[in-house]
Number of protein chains: 2
Amino acid sequence: MTNPSAVIYLDHAATTPVKPAALQAAWPWLTSEFGNPSSTHEFGSRAAAALEDARKKVAAFFGVRASEITFTSGGTESDNLAIVGLALANPRGKHIVSARTEHEAVLASIDYLVRVHGFEVTWAELDEFGQVQNLADCLRPETTLVSLMTSNNETGTVHPIAELAKLTHENGALFHTDAVQAVGWQELNVPELGVDALSVSGHKFGAPKGSGVLVLRAGKHVEPLIHGGGQESGLRSGTENVAWAVAIANALDELRETNADLKAAAMMRDEFITEVLSTVPNAKLTGHPVNRQANIASFTLQGVSGEAVLLELERRGIIVSSGSACAAGSDEPSHVLVALGIQAEVAQTAVRFSFAHDTTREDLHAAAKALAEAVSVFI
Amino acid sequence: MTNPSAVIYLDHAATTPVKPAALQAAWPWLTSEFGNPSSTHEFGSRAAAALEDARKKVAAFFGVRASEITFTSGGTESDNLAIVGLALANPRGKHIVSARTEHEAVLASIDYLVRVHGFEVTWAELDEFGQVQNLADCLRPETTLVSLMTSNNETGTVHPIAELAKLTHENGALFHTDAVQAVGWQELNVPELGVDALSVSGHKFGAPKGSGVLVLRAGKHVEPLIHGGGQESGLRSGTENVAWAVAIANALDELRETNADLKAAAMMRDEFITEVLSTVPNAKLTGHPVNRQANIASFTLQGVSGEAVLLELERRGIIVSSGSACAAGSDEPSHVLVALGIQAEVAQTAVRFSFAHDTTREDLHAAAKALAEAVSVFI
């Protein structure tokens, strides 16, 4: 077992450490301040106040009102609540538009609507970088919802969300975006994006696993996923996880400062990409060359086994992944890369590097060097 | 604001403090060991191992196999997953049997099945203590599911679950029990109870808010609530909250020792009930006089305002509630007490005392004394 302090962890898109300040802010709500926010006595009142304070902070980050923030248990729940919830509560018609590069949480929510509720889905056409080509052609009078991710978790490709949402609204449908990989790496002003719903996962930016948010614009109705005591304005029942709401608010507050560094981060990423492409003969970048987030660089390595390269990298202290952690256990090639037209056996060679805001130029140089060495073992 | 250390908190049925040992066990998984259990590298492997170790411990507590444990975000989610999930995946017929004293999470899950999926529900008849009278009469050839709680959260009344489950199975339907209030206060060997599914909420017994479990017996199928990457054997997608799984396993481990104290706790509760009934002239015990859990004693106080009494008690450092925290914010009388045939205006006078395993005889004497004083202010 490698000593964690000796390794360079570059799998932040899978999950990233909890920020100490976020955990510290949550601490009282895990210890002395243990009240149930629904209780009317003093313990309950203080917990309720902390929850509402957290809600205001999260709302400020996304440029919306506190009443537009619903705390959930994570990004997957937020995606399900948005997609299934909006589809069931807004029966304009049983037609949805999405893309095959979406996260499993989106794809499986849509599959549920198709299997159980008789919905039909149109998959938008994508170019080789993963950008949607023909949204206008996909929209029908009976389209209830379009769901397209803010940025892709495997390739880093960014969608022009404001434009796609505008087109969707002109056709009378609702627009949801899975922004799980975008928080902290793009400006996410929800009114400017113009989306109806936006999903967030805490553990991708320094809040703990089990924390999430759905931003749902005022006046938009969803059928809840989790029914019960009516917490979260009836949208998400169950005793509120006050501590993780406080943690997610705190982690978002910390991110405000990093927005300024995005240009520097993008430059560092580009240097890394250049170094990899010039030193690893078979490496090919996946995703869009320009419209991509600063924190993700993924390569296919035709001719070698991606899994074997990952092990060689891990032996050298570089912790990365082949792509989505959610499918990491399976032998299937990435559904994202296959959707981009990459052959299954090439898709299986993918290695994704994903960074944190404190990843350094030295870390990335070490990673590029290790990748070149690892690949040279096999070719 | 009262100093928390100076008060006697007797609202443990609403929520109870996190056990320090549970938080300590969770700590590494919130700090240095931050891996995503789905990642194949060393950080992921260690997180996955911790999750499976927690699963084995939880399974041992309930007498089942690890594969029968699904981690959720809480009791409400577990209830929804069991009820909606079993109903949708087992289309024997669209008929459900339950009782009007169930928790809101159960009632609202059933309401969803009725509203959206066309199910029909039969509410079992209850006696004045809340015990089911006519389950056999309620069962039909098309009954898919019976859901009856292990013990009631407002009155403490216990259902004879093994007997009710047996009768249900003889009629070919599935049986779910909401055991949220029973963990730690009853022996819960799931094979002996004979239920198909059992819901658990961590924050009722010293694990944090946001932790829960559904015990689902092998071979029983559910449609998931939260679809996505296929975590938790496909029953509950989303990156696993490893820390809270470890915490819930640890909190259950600690409870094993308290099972022996249940007789002593029941004696203490009976002394408390006797003291209240003999010193508070208008107090009347709710729920079953004998078949009740050791941790709950709730009284109606005809002729005085329950809310005013709660405030007087809080002024005296006794923190209690009128009943379910989930409905504490509303002006409606308790749906549980109304279902027992108690008049709405009497139900609104209810005051519930709920204990922890470390509640002392002195705490309860002080509470009884304060209640007598508080009531005397108004009569």
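Residues numbered from 1 in each chain as written. Chains lettered and ligands numbered in written order. Predicted model: local features only at pLDDT ≥ 70, side-chain atom pairs only at ≥ 80, totals over all residues. Heavy atoms only, no water.

Draft legend 1. Focus on helix H10 (residues 306-315) of chain B. Buried within H10 of chain B are the following residues: Gly306, Val309, Leu310, Glu312, Leu313 and Glu314 of chain B. Looking at the packing, one finds that the buried side of H10 of chain B touches helix H2 (42-62) of chain A together with strand S10 (296-301), strand S11 (318-319), strand S12 (351-354) and helix H13 (361-376) of chain B. Positive phi shows up at Gly317 of chain B, right after H10 of chain B, with a value of about 85°. (Buried < 20%, exposed > 50% of the residue type's maximum accessible area, 1.4 Å probe, protein only. Helix = DSSP H or I, 4+ residues; strand = E, 2+ residues; numbered from the N terminus. Contact = heavy atoms within 4.5 Å.)

Draft legend 2. Region of the structure containing the sheet that holds strand S12 (residues 351-354) of chain A. All names here are of chain A. If you trace the three strands from one edge of the open sheet to the other, you get S9-S10-S12, paired in antiparallel fashion. Single-partner strands in this sheet number two, and they are strand S9 (283-285) and S12. Along the sheet, successive strands turn relative to each other by an average axial angle of 30°, direction set aside. Looking at chain direction, strand S10 (residues 296-301) and S12 are connected through four bridges and run antiparallel. Bridge assignment links Phe299 to a residue of S12, and that residue is Val351. On top of the sheet, helix H9 (residues 262-279) reaches S9, S10 and S12; it is set at about 10° to S10, its chief contact. The sheet strands contacting helix H10 (residues 306-315) are S10 and S12, and the helix crosses S12 at an angle near 40°. (Pairing = 2+ DSSP bridges. Axes fitted to C-alpha atoms, helices over the stretch in contact; angles between N-to-C directions.)

Draft legend 3. The arrangement of the nonpolar core in detail. Counting 109 residues, the largest nonpolar core has Phe62 of chain A together with Phe62 of chain B as the members making the most contacts within it. Contact partners of Phe62 of chain B, with chain neighbours within four places excluded, come to Val183, Leu188, Asn189, Val190, Pro191, Leu198, Val200, Val215 and Leu252 of chain B. Membership of the second largest hydrophobic core comes to 42 residues, among which are Ala197 of chain A together with Tyr112, Leu145 and Leu225 of chain B. (Core = buried A, V, L, I, M, F, W, Y, C linked by side-chain atoms within 4.5 Å.)

Draft legend 4. Structural context of a nonpolar patch on the surface. All names here are of chain A. On the surface, Val377, Phe378 and Ile379 cluster together into a nonpolar patch covering about 270 Å² of accessible area. Mapped onto the secondary structure, Phe378 falls in the segment after helix H13 (361-376). Look at Phe378 and you get partly exposed, because its relative accessible area is 35%. (Patch = residues over 30% accessible without salt bridge, like charges linked within 9 Å, V, L, I, M, F, W, Y side chains within 5 Å. Areas by Shrake-Rupley, 256 points an atom, 1.4 Å probe, with all protein chains shown as cover. Salt bridge = Lys/Arg side-chain N within 4 Å of Asp/Glu carboxyl O.)

Draft legend 5. Here's a closer look at the pattern of salt bridges. All names here are of chain A. Counted under the stated rule, the structure contains 42 salt bridges over all chains. Across the salt bridge formed by Arg140 and Glu142, the nearest N and O atoms sit 3.3 Å from each other. Using a relative accessible area of 27% as the deciding quantity, one classes Arg140 as partly exposed. Via salt bridges that share partners, Glu312, Arg315, Arg316, Lys369 and Glu373 belong to a single interconnected network.

Draft legend 6. Expanded view of the packing of helix H3 (residues 75-89) of chain B against helix H4 (residues 104-117) of chain B. All names here are of chain B. The interhelical angle for the contact between H3 and H4, taken along N-to-C directions, is 35°, at an axis separation of 9 Å. Regarding H3 and H4, the two cross each other, and that crossing is right-handed. Across from Thr76, Asp79, Asn80, Ile83, Val84, Ala87 and Leu88 in H3, the residues of H4 making contact are Ala105, Val106, Ser109, Ile110, Tyr112, Leu113 and His117. (Left-handed = near helix turned anticlockwise from the far one by under 90°.)

Draft legend 7. Layout of the interface of chain B and chain A. With 63 residues of chain B at the interface, the matching set in chain A holds 63 residues. In total, about 5,300 Å² of surface goes out of reach between chain B and chain A, with carbon and sulfur atoms giving 62% of it. It is Phe34, Lys209 and His227 of chain B in chain B that bury the most area against chain A; as a group they hold 12% of the surface buried on that side. Viewed at the interface, chain A and chain B are joined by two salt bridges. (Buried area = accessible area lost by both parts, 1.4 Å probe.)

Draft legend 8. Region of interest: the relation of the copies chain B and chain A. Superposing chain B onto chain A takes a rotation of 180° combined with a translation of 0.0 Å along the rotation axis, leaving an RMSD of 0.0 Å. Such a turn and shift between the copies fits a two-fold axis. Interface overlap between copies is the fraction of interface residues in one copy that are interface residues in the other; for chain B against chain A it reaches 100%, indicating a shared surface. (Least-squares fit on C-alpha atoms with pLDDT ≥ 70 in both.)

Draft legend 9. Layout of the packing of aromatic side chains. Following the criterion strictly, the structure yields 18 aromatic pairs over all chains and no others. Plain terms: the ring middles of Tyr9 of chain A and Phe34 of chain B are 4.7 Å apart, the flat faces sit at 85° to each other, and that makes the pair edge-to-face. With Tyr9 of chain A in strand S1 (residues 8-9) and Phe34 of chain B in the loop between helix H1 (20-26) and helix H2 (42-62), this pair bridges two chains. For Tyr9 of chain A, a relative accessible area of 8% translates into the label buried. Residue classification places Phe34 of chain B among the buried residues on the basis of a relative accessible area of 10%. Where Phe272 of chain B meets Phe299 of chain B, the ring centres are 6.0 Å apart and the plane angle is 65°; that geometry is what we call edge-to-face. Here the residue Phe272 of chain B occupies a position in helix H9 (residues 262-279), and Phe299 of chain B occupies one in strand S10, the gap between them amounting to 27 residues. Across the pair, Phe299 of chain B and Phe272 of chain B agree in class, each one buried. Joined through ring pairs, the aromatic side chains of Phe272, Phe299, Phe353 and Phe355 of chain A make up one cluster. A cation sits over an aromatic face here: Arg46 of chain B above Phe43 of chain B, 5.2 Å from the ring centre. (Phe/Tyr/Trp six-rings, centres within 6.5 Å; stacked < 30°, edge-to-face > 60°. Lys NZ or Arg CZ within 6 Å of the ring centre and 35° of its normal.)

Draft legend 10. Structural view of the domain arrangement of chain A. Residues and elements named next belong to chain A. For chain A, the assigned domains are domain 1 (4-17 + 261-376) and domain 2 (20-258). A C-alpha centroid distance of 27 Å is found between domain 1 and domain 2. If you look at the interface, domain 1 gives 32 residues, while domain 2 gives 33 residues. Carbon and sulfur atoms make up 55% of the surface buried where domain 1 meets domain 2, a total of about 2,700 Å² over both sides. Counting across the interface, domain 1 meets domain 2 through zero salt bridges. For the interface between domain 1 and domain 2, the tally reads 17 residue pairs in polar contact (both at pLDDT 80 or more). At the level of elements, H9, S10 and helix H11 (335-339) are the ones that each hand at least two residues to the side of domain 1 that touches domain 2. Among the elements that take part in the side of domain 1 that touches domain 2, H11 stands out by supplying four residues, more than any other. (Domains from an automatic or database assignment. Polar contact = N/O pair within 3.5 Å; in protein donor to acceptor, adjacent residues only side chain to side chain.)

Draft legend 11. Fine view of the packing of H10 of chain B against H13 of chain B. Residues and elements named next belong to chain B. The geometry of H10 relative to H13 is characterised by a closest axis approach of 9 Å and an angle of 125° between their N-to-C directions. Accordingly, the angle class assigned to the pair H10 and H13 is oblique. Once H10 is placed against H13, the crossing between them reads as right-handed. Along its contact with H10, which presents Val309, Glu312 and Leu313, the element H13 presents Ala367, Ala370, Leu371, Ala374 and Val375. Its residues assigned to classes, the contact of H10 with H13 shows seven nonpolar, no polar and one charged. (Parallel < 35°, antiparallel > 145°, perpendicular 65-115°, else oblique. Nonpolar A, V, L, I, M, F, W, Y, C, P; charged D, E, K, R; others polar.)

Draft legend 12. The environment of Glu120 of chain B, seen in detail. Residue and element names in this part refer to chain B. Among the structural elements, Glu120 can be located in strand S4 (residues 120-123). Residues Glu120 and Ile96, spaced 24 residues apart in sequence, show a C-alpha to C-alpha distance of 6.3 Å. Excluding residues that lie within four positions of it along the chain, Glu120 makes contacts with Lys94, His95, Ile96 and Arg140. Of note is the side chain of Glu120, whose polar atom sits 3.1 Å from the side chain of Arg140.

Draft legend 13. Fine view of empty space enclosed by the protein. As enumerated under the stated definition, the model contains eight cavities of 30 Å³ or more in all. In this model, the largest cavity occupies a volume close to 390 Å³. In terms of lining, the largest cavity is formed by 32 residues, of which the most central are Ser73, Gly210 and Asn241 of chain A together with Ser73 and Gly210 of chain B. Those elements giving two or more residues to the lining of the largest cavity turn out to be strand S2 (69-72) and helix H8 (242-255) of chain A together with strand S2 (69-72) and helix H8 (242-255) of chain B. The dominant element in the lining of the largest cavity, judged by the number of residues it contributes, is H8 of chain B, at three residues. Here the lining of the largest cavity is built from residues that sort into nine nonpolar, 17 polar and six charged. (1 Å grid on protein atoms, 1.4 Å probe; cavity = no way out; pocket = protein on both sides within 12 Å on 5 of 7 lines; lining within 4 Å. Points joined across faces, edges and corners; volume = space filled by probe spheres on them.)

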